[in-house]
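Chain and residue survey
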Amino acid sequence: MRVIEPSFEILTPVDTETVMRHIELCGRVCYKSEGNIGEGSAERLIKHMLDRRHESPLEHFSISVRIICDRGVSHEWVRHRIASYSQESTRYCNYAKDKFGSELTFIKPAAIDIGTEAYSIWAAAMKDAERSYLDMLKIGVAPENARSVLPNSLKTEFVCTMNLREWRHFFALRTAPAAHPDMRAVACKLREEFVRLLPAIFGR
């Protein structure tokens, strides 16, 4: 049994200036102001549009991210329907195979600290789930049926592609204090990276 922290990797190459220019060009079509493109004009136009809630030009650029989190978080994530997803399948993946280390991987819950009684109870439950799953495979149960004993804390991996407008909506919901702690553990760090790459769009 392995226990890891959630993580992410931005797969789309993001050149800040290229993205800003692209969004500016798309936005200026609305105002027929392409002639105003110049030094610093992209940031000014994007600020103008966001101040007026004119966000549709942001839909013209998408970013793909590989997410590693628990399956409970992934179930919440895929509720964002203006997106494309490709997710690791517990139906076809056989975790007894060598490429998975012949073991299950779980995501440590954000709200449970290592060394506490709660963590000991959680870790024992994960060990039991792993044992049950592997025992079922040993007696010939197919992975698609053995997966029925797997918990929400099971590690999953998926690629999510959203346009910039939907990423803004996603972060507004999933980094909020009321969001689930395990969701925030991924979403808040991911948003920080988006702010670093595209501060004019995600830093406001």
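For the structure itself, consult the block above.
All values derive from a computational prediction rather than experimental measurement. (Residues numbered from 1 in each chain as written. Predicted model: local features only at pLDDT ≥ 70, side-chain atom pairs only at ≥ 80, totals over all residues. Heavy atoms only, no water.)

**Topic: helix 6 (residues 164–174)**
Along an α-helix, a turn takes 3.6 residues, which lines up residues three or four apart on a common side. Of all the residues in helix 6, the buried ones are Leu 164, Glu 166, Trp 167, Arg 168, Phe 170, Phe 171 and Arg 174. Measuring from the backbone nitrogen of Arg 165 back to the side-chain oxygen at the start of helix 6 gives 3.0 Å, which picks out Asn 163 as the cap. (Buried < 20%, exposed > 50% of the residue type's maximum accessible area, 1.4 Å probe, protein only. Helix = DSSP H or I, 4+ residues; strand = E, 2+ residues; numbered from the N terminus. Polar contact = N/O pair within 3.5 Å; in protein donor to acceptor, adjacent residues only side chain to side chain.)

**Some words on the environment of Ile 4**
Within the secondary structure layout, Ile 4 lies in strand 1 (residues 2–4). Taking the C-alpha atoms as reference points, Ile 4 and Cys 160, separated by 156 residues in sequence, lie 20 Å from one another. Residues in contact with Ile 4, not counting those within four places in the same chain, are Ile 68, Thr 105, Phe 106, Ile 107, Lys 108 and Lys 155. (Contact = heavy atoms within 4.5 Å.)

**Topic: the sheet that holds strand 6 (residues 155–163)**
As summarised here, the arrangement of the 4 strands in space is 2-3-6-4, forming an open sheet in which the pairing is antiparallel. The open sheet has two edge strands, strand 2 (7–10) and strand 4 (84–87), and neither has a second partner. If you compare each strand with its neighbour and ignore which way they point, the axes differ by 20° on average. Pairing of strand 3 (residues 62–70) with strand 6 involves 9 bridges; the strand directions are antiparallel. Pairing of Ile 68 across the sheet is with Glu 157, part of strand 6. (Pairing = 2+ DSSP bridges. Axes fitted to C-alpha atoms, helices over the stretch in contact; angles between N-to-C directions.)

**Quick look at the nonpolar core**
Counting 35 residues, the largest nonpolar core has Ile 63, Trp 77, Leu 164, Trp 167 and Leu 198 as the members making the most contacts within it. Mapped by element, the contributors of at least two residues to this core are helix 1 (16–31), helix 2 (41–51), strand 3, helix 3 (71–77), strand 6, helix 6, helix 7 (181–197) and helix 8 (199–202). If one sorts the elements of this core by residue count, helix 7 sits on top with 6 residues. When residues no more than four places from it in sequence are discounted, the contact partners of Trp 167 are Ile 63, Val 65, Trp 77, Cys 160, Met 162, Leu 190, Phe 194 and Phe 202. Within the second largest apolar cluster, 14 residues are counted, among which are Leu 104, Phe 106, Leu 137 and Leu 150. (Core = buried A, V, L, I, M, F, W, Y, C linked by side-chain atoms within 4.5 Å.)

**Quick look at the layout of surface pockets**
Counted as a void, the largest pocket has a volume near 210 Å³. Lining the largest pocket are Thr 16, Glu 17, Met 20, Arg 21, Glu 39, Gly 40, Ser 41, Ala 42, Glu 43, Leu 198, Pro 199 and Ala 200. Every element with two or more residues in the lining of the largest pocket is listed here: helix 1, helix 2 and helix 8. If one sorts the elements of the lining of the largest pocket by residue count, helix 1 sits on top with 4 residues. Residue composition of the lining of the largest pocket, by class: 5 nonpolar, 3 polar and 4 charged. Its boundaries defined by the atoms lining it, the second largest pocket holds a volume of some 160 Å³. Taken together, 14 residues make up the lining of the second largest pocket; nearest its centre are Glu 5, Pro 6, Ala 185, Val 186 and Lys 189. With 4 residues, the single largest contributor to the lining of the second largest pocket is helix 7. Of the residues in the lining of the second largest pocket, the class split is 8 nonpolar, 1 polar and 5 charged. (1 Å grid on protein atoms, 1.4 Å probe; cavity = no way out; pocket = protein on both sides within 12 Å on 5 of 7 lines; lining within 4 Å. Points joined across faces, edges and corners; volume = space filled by probe spheres on them. Nonpolar A, V, L, I, M, F, W, Y, C, P; charged D, E, K, R; others polar.)

**Observations regarding helix 4 (residues 117–138)**
With 22 residues, helix 4 ought to run about 32 Å at 1.5 Å a step, and its terminal C-alpha atoms sit 32 Å apart, in line with that. Looking at helix 4, one finds that the buried residues are Tyr 119, Trp 122, Ala 123, Met 126, Ala 129, Glu 130, Tyr 133, Leu 134 and Leu 137. An end-on view of helix 4 places all buried positions within 125° of arc, on one side of the element. Set apart from the buried face of helix 4 by more than 90 degrees, the exposed residues are Glu 117, Ile 121 and Lys 138. The inward-facing, buried residues of helix 4 contact strand 1, strand 5 (105–107) and helix 5 (143–146). Positive phi shows up at Gly 140, right after helix 4, with a value of about 100°. (Expected span 1.5 Å × (residues − 1). Arc of directions from axis to C-beta.)

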